[in-house]
Amino acid sequence: MKEAAVLAIEWQERMDAASRRQQTGEGICALAFNEALVGLVDQAKARVAAALEEELLLPGSLDERLVVAAVTRDGAQARELLPQAIAEFRKDNGKNPQAARGERALQALAELADGKPAEVIALLEPISFEAQFSEAVAIWTIAQMQMKNWTSAAKGLAFMTAEQPRQGLSARTAFEYASLARVQMELGQKAEARKSYQKFFDLWKDADPDVPLLVQAREEFSKL
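A look at the environment of alanine 110
- When you line up the elements, alanine 110 lands in helix α6 (residues 99-113).
- You can call alanine 110 buried: its relative accessible area is 9%.
- Separated by 31 residues in the primary sequence, alanine 110 and arginine 79 place their C-alpha atoms 6.2 Å from one another.
- In contact with alanine 110, other than residues within four places in its own chain, are Ala78 and Leu82.

Overview of the environment of alanine 158
- Counting through the fold element by element, alanine 158 comes out in helix α9 (residues 150-162).
- On the accessibility criterion, alanine 158 (38% relative accessible area) is partly exposed.
- For the pair formed by alanine 158 and threonine 72, sequence separation is 86 residues and the distance between their alpha carbons is 24 Å.

Describing the environment of glycine 39
- Considering the arrangement of structural elements, one finds glycine 39 in the loop between α2 (25-37) and α3 (41-53).
- For glycine 39, a relative accessible area of 36% puts it in the partly exposed group.
- Sequence separation between glycine 39 and asparagine 96 is 57 residues, and the spatial gap between their C-alpha atoms is 35 Å.

The rules we used
Residues numbered from 1 in each chain as written. Predicted model: local features only at pLDDT ≥ 70, side-chain atom pairs only at ≥ 80, totals over all residues. Heavy atoms only, no water. Helix = DSSP H or I, 4+ residues; strand = E, 2+ residues; numbered from the N terminus. Buried < 20%, exposed > 50% of the residue type's maximum accessible area, 1.4 Å probe, protein only. Contact = heavy atoms within 4.5 Å.

Here you go:
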């Protein structure tokens, strides 16, 4: 994560030099999302705030900003972004038959940021376990974890780790295995939890040792 932060600065400088600075916004939001996902919440918020101040965040990055707000549980920011994100979404997806589902997913992100997992679940159900709806499944699963609905959360995480909605070099896959391990612990499935933790550790064998998600996972694993 530290190397990624350094590379992001270098990349932004190169894009500035090439007169392409406005194309950096979504990449910055992607890094902020990864930082938030692994527990670097303050760093993620600061990165988005700096990009906003530098006028790097175009309307096309509104949904990414809403995702960061949801993961960092910034309800005030999410409420501010939601109407703008929906308006932008309608411009691009007005005639799409799945548009209503997409809008509900944006609303669910805002509810997640506000700490209202029950409302998130109500907005997204019935949930479809298909690759094209993997983002909605991810939001729904996090809400189920917050509600301590462990069986439903396990179902969502099993889909997320078994299918291919994985995001390239994102930290999301590692986060999913750590989350699955935690849910399996809650369900009393210690053997399965050990395997999930081990997959997480294998993925992050070269990670910065002080990344919060890794520190927490090691503490939890030690209790097994």
